[in-house]
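Residue-level structural notes
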Amino acid sequence: MSVATETRPEGPTHTATVRNWKAPIGFGVGALVALLVFALGSPAQTAVFRISNDSDRFRLADVALPATAVGWFTAVALTLIAVYAFLQVRNGRKVARWIPIVYGALFMIGFLTWVVGSANTPSISLAGLIAGSVTLAIPLIFGSLSGVLCERVGVVNIAIEGQLLSGAFAAAVAASISGNAYVGLIAAAFAGTLVSVVLAVFSIKYYVNQIIVGVVLNVLVSGLTGFLASTLLSRDSATFNSPPSLPVISIPFLSDLPIIGGILFRQSIVGYLMYVAVIVIYVGLFHTKWGLRVRAVGEHPQAADTMGIKVNSTRFWNVLLGGAVAGFGGAFFTLVSVSSFSRDMTAGAGYIALAALIFGRWNPIGAFFAALLFGFFTNLQYVLSIVGTSVPSQFMAMLPYIVTILAVAGLVGRSRPPAASGTPYMKE
Amino acid sequence: MSSQLQQGDSSRSVLHRIMGGSTLVAVLAVVLSIVLGGILIAVTDDRVAETSAYFFSRPGDMLTAAWEAASGAYIALFQGAIFNPRADTVAQAIRPLTETLTVATPLILAGLGVAIAFRTGLFNIGAQGQIILGATFAAWVGFTLELPPGLHLLIAVVAGFIGGALWGFIPGILKARTGAHEVIVTIMLNYVAVYLVAYLLFTPGFQNPGSSNPISPRLDDSALYPLLLGSGYRLHLGFLVAIAATIGVWWLLNRSTTGFELRAVGANPNAARTAGISVTKGYVVVMMIAGGLAGLAGVAQVAGTEKVLTGGIAASFGFDAITVALLGRSHPWGVFFAGLLFGAFRAGGVQMQTQTGTPIDIVLVVQSLIVLFIAAPPLVKAIFRIDQKKKKKTTKPDQSSEDITTTTAAGGVA
Amino acid sequence: MLLELQGITKKFGTLVANDSIDLVVKPGEVHCLLGENGAGKSTLMNVLYGLYEPTDGEILLDGKSVTFKGPGDAMAAGIGMVHQHFMLIPVFTVAENVALGDEFTRAGGLLDLEKTRAKIRDISDRYGFDVDPDALIEDLPVGVQQRVEIIKALVRNASVLILDEPTAVLTPQETDELIDIIGQLKAAGTAIVFISHKLREVRAVSDVITVIRRGAVVGSVDPSTSTTELANMMVGRQVSLSLNKAPANPGERTFQVRNLTVLSPTGQRLVDDVTFDIAEGEILAVAGVQGNGQTELTEAILGLQDHASGSIKLKGTELIGLKAKDVIRHGVGFVPEDRKVDGLVGTFSVAENLILNWYNEPPFAKGLAMKPSVVMANAKAKIDEYDVRTQSADSAVGTLSGGNQQKVVLARELSRPLNLFIASQPTRGVDVGSIEFLHKRIVQERDGGTPVMIVSTELDEISELADRIAVLHRGKLMGVVPGNTTRDVLGLMMAGMTADEALGQSAEEKQ
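About the criteria used
Residues numbered from 1 in each chain as written. Chains lettered and ligands numbered in written order. Predicted model: local features only at pLDDT ≥ 70, side-chain atom pairs only at ≥ 80, totals over all residues. Heavy atoms only, no water. Salt bridge = Lys/Arg side-chain N within 4 Å of Asp/Glu carboxyl O. Helix = DSSP H or I, 4+ residues; strand = E, 2+ residues; numbered from the N terminus. Buried < 20%, exposed > 50% of the residue type's maximum accessible area, 1.4 Å probe, protein only. Polar contact = N/O pair within 3.5 Å; in protein donor to acceptor, adjacent residues only side chain to side chain. Contact = heavy atoms within 4.5 Å. Phe/Tyr/Trp six-rings, centres within 6.5 Å; stacked < 30°, edge-to-face > 60°. Lys NZ or Arg CZ within 6 Å of the ring centre and 35° of its normal. Buried area = accessible area lost by both parts, 1.4 Å probe. Nonpolar A, V, L, I, M, F, W, Y, C, P; charged D, E, K, R; others polar.

Glancing now at the pattern of salt bridges. Residues and elements named next belong to chain C. For the structure on display, the rule yields 34 salt bridges over all chains. Residue Glu 282 pairs with Arg 468 through a salt bridge whose shortest N-O separation is 2.6 Å. You can see Glu 282 sitting in the loop between β12 (269-278) and β13 (283-287) and its partner Arg 468 sitting in strand β21 (residues 468-473), a full 186 residues away along the chain. As far as the burial class goes, Glu 282 and Arg 468 line up, both buried.

What follows is the structure, encoded as structure tokens:
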């Protein structure tokens, strides 16, 4: 009985003719920018990127890029890619997946060379830039992992900001009272979970729209922590708001490696936890029984239900787990970054984490790199203000948000959220 | 079959539930939130902390202290929001009320913007950015152009509307053309707006000459909203604009063909499309109206109360507007009164902070609790032990709109 | 395993979906549950499968009372179910779907899909399913997806298999293959509950037929019971299966479709080079298995499909390129196939729904302003004319019964002068009383001289209404045949034969 073969759709002969012009248009615009800014507007300087610090045990030579040459090179290369993509689409073919990556890398090189080359002191430390980016990205990564855990199971988490802020607050208070930073870290996870409990109860049990709960929770946490900060904390800041910092743990030898030493092997416990969390959540989601069930619930809760999976309790526990993860990220603010809590100190990091999650396509690894990229932009803004640049810092600060808008609009890659994300599951 | 239908309809039915829940629940939610806020005030009070040390020997002291802390704060809040009985003159005594109306003005306008988008099925989280853009446009007209009084103000108001509409247009068109989720886009645009105005306030055309602070020149008098009650009060013409906008939005939603289209798109985009109503156009139109209304809130700020453009011009009105729209159940008059309530909280909160030292953040707490409780009527009913069992056991069909949405969703079984 | 249901009652609020139902299913037996849409068959099976908790009654397995807290319990007890809407996750592979809920794991909770794949191959070979464990569900045709559902049940050693309307999405040929599979399973001792409202296939496949009407059992009968008798049991009164309609009096062919092709956003041909005409005063019925391009065909005419090419002319006006609004203004009335999704706004009042696509035309609106009093007067008139049972014109349309909702749609579409009337599944989920009424109104519209196009997946309805029949298969037009063409021929055409081939083969078989 060869029944199946008869009913197969005829496949490729029927496809195509519907073309998606987003990619070539996006590439074209980028190439134009490169031509006008990087090439025609190129400074007559050489941009120097220092790989190693003077204090490093292993030294690598600096990279010096002549701004004009690199500007023209990237402009031409980007134009060629845009033309190639245009031809591909016109011939009804899809643009290969590696193309946007190469394009993005080239664009970054062109941009960096131009921006550093235009600075008063055209020389920056690449190692410092990248290490700083990772540091700035740590809370973002925890935040977006929280988002991944929640959205993969079908609950939109707008409350990342609230989770981070509550984590920062709890970490500061608990670490101050106990005098132990690690107690603060655990308290932060609890606080993040607490925010998640509210999110879970309202959205899963009472079917309140998840976006509404998230938005309102952020206001609630902001108000609550702000209130307590100006009552309890300000009244006796020695007791409540002087947390000890988490120490940086350097791994001998490895931490001396150029560039990656600082990134991977010279971190506080929160930094190491971040790497562990990314890997564990990635493997968990895509290679375990738990992950299969979680994704099923997020894609098609009814199907999961019919297979005997408890949809709402799966959602509930996952949202709680997400809160704990975000709590760790919150601890970073008061136990690593600065050593006291101040009102609204997360300053929108939760929303950037949300952006990273989307830009990273609901994947822990993707979210990791997206958060890293956003951390990079933020850090670049600081670094550039030191070397003196003509690019207004506000535009650098805007970039993560603009990139995210382009991403959700499908102009940069394609994002497809879990199908049931945002919809409560009601039986009967 | 039934649960599949439910799933598709659920987010919508929840919205309807928020809009259609009973008034009793709303009142109880407000009471509950105020009580919880009071407990928070009491718990963090100094006197309460002192008296709690000897709670077991003299419990009365602590309870009295707790009551005094909470009631003291709320009385101060009331006096700061409505009526000050200790004032020397009547004019002084009603001053708080006019403050409430002044603060409520941008809340109502931005709240209408969020509400009208809700009714079209869109979550406009972007009122904050839209207010900033509206304020920026209006301010520029106000301090740059030289026009006769009246016309100058009119142009500034129109410019503010356009500025907000522009910031609403972006998520609208992206939603319509690419399906980009408006929640994400509007959140991101809020930040873009913040950095944009921060940048502008350091550029020559916007920064006050001679100042190194990020602050614009003062708007010309001809571009300012006239004060309604003379110079003793801050209440300005913008409040009447808010009333007019409320009436306008009501008419638009309930009596115009555009409103019919928007409501249809919000309630069932598929049916709207089949009926020849352009869903994508609806998204763009409503986001521009919503942005424009939020832009008017920006005008109220910049041409009414602040008179200069600063980075903090929108305060947190854009986020408060979401709670206002939710509390008002996305009905224009509901939004109007919710705006008055939250305006009172805010105006009174300032007074409370100076008088009793209770931080104004408590207002945020109470405000967000109210919205959470309103969104979950079963929780409120459970807390107040409103008997639901009776309802379940009777065989009469439930009449409340809340139940209609759930039975409609389950209607697939029939 | 012997399955018994005793006195199962299920209420949803005030609605009694199942009223004290008794049922006995024996091993190796195919037990059909026959009933109209909405009779309560699916509800009963969801109770049995642990998805709903029964309000009252008992489930017995081999004489022992059991309670299912959820589908997990039901599966553990050996009950499997193939839902009408497949419960498959489109972005998962076959193996992942089959593994879900019953996963094999290695150390540390890591998934071991290899064991699942082996099981799938094993079952696939035994029953000749030909299913690739690593294919993504969204890439598979529905027939194969259904087999994946059956595999899911078999992997879990189901001894009772519930098939809920399994043929709704299949061609007659695929249906035959399914019946074949059912035979094999039955031989292996599986008890099968087969849910359907199609008399013909129920008689072909079952050992016992239990008829359900309005949530209660009407009786159990032999498969040899005549179709008419089964129909009577199903609907509860003598129904004349033929509508008394006068012969058509076709006029000018004012509606012409030429080489119409509709592409999906990913480029698949959903409607493939279709050409036909409809004359004034004639009903053309479009037959075909669900999902063979009917929806896209009607939507293309309405201007709701983005990638349509070819020509659609109505009284000389080209409709392709026009927006839905303009197509409606050219006098096209349209009853969409799913009224709840496309035809009505559930939370809007009856009055508003009655002007849903006419709200901005006089007399209902003048400029931007609508006229509530005119809207209300119109609603009252239509409610009377079409006998819509509603509390008031202000009631939300979602609170009405299916039949009354459909009357609202029909009242709206037929209340203006039409140049073309299209109705998709005009009587789906509608009670019998309303069906007759709706059919009469449609024929009345034809007799008034309007070209009428009916799309239906029910051959009974097609035969009843059609003056001519067009058959679609995978978006291609297999031919247009007279209204009295036999079911055999239509079936062959629905399976992909052209009209000539089908007529030839049918004649051959008769000899």
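With that out of the way, let us pick up the side chain of Gln 367 of chain B. Residues and elements named next belong to chain B. Inspection of the secondary structure puts Gln 367 in helix α15 (residues 361-375). Polar contacts involving the side chain of Gln 367 include one to the side chain of Thr 323, which spans 3.4 Å. Setting aside chain neighbours within four positions, we find Gln 367 in contact with Asp 320, Thr 323 and Phe 342.

The description of two aromatic rings rests on the distance between their centres and on the angle between their planes. This model, assessed by the stated rule, comprises 32 aromatic pairs over all chains. An aromatic cluster of at least three residues, connected via ring pairs, comprises Phe 38, Phe 107, Phe 111 and Trp 114 of chain A. The ring of Tyr 283 of chain B is capped by Lys 175 of chain B, whose NZ or CZ atom sits 5.5 Å from the centre of that ring. A cation sits over an aromatic face here: Lys 10 of chain C above Phe 12 of chain C, 5.3 Å from the ring centre.

To continue, consider the interface of chain A and chain C. Contacts between chain A and chain C engage 35 residues on the former and 50 residues on the latter. Summing both sides of the interface, chain A and chain C together bury roughly 3,600 Å²; the carbon and sulfur share of this comes to 61%. Seen at the junction of chain A and chain C, the total is two salt bridges. Residue Arg 293 of chain A pairs with Glu 103 of chain C through a salt bridge whose shortest N-O separation is 2.8 Å. At the surface where chain A touches chain C, the tally comes to five residue pairs in polar contact (both at pLDDT 80 or more). Sorting the residues of the side of chain A that touches chain C by element identifies α1 (3-7), α11 (269-287), α12 (289-299) and α13 (301-306) of chain A as the ones contributing at least two each. Residue classes in the side of chain A that touches chain C are distributed as 13 nonpolar, 11 polar and 11 charged.

All names here are of chain A. You can see Ala 174 is positioned in helix α6 (residues 160-178). Once the C-alpha coordinates of Ala 174 and Phe 369 are considered, the two residues, 195 residues apart in sequence, prove to be 31 Å apart. In this view, Ala 174 contacts Gly 179, Val 183, Gly 184 and Ala 187; residues no more than four positions away in its chain are not counted.

Geometric descriptors of this kind do not, in isolation, establish any biological role.
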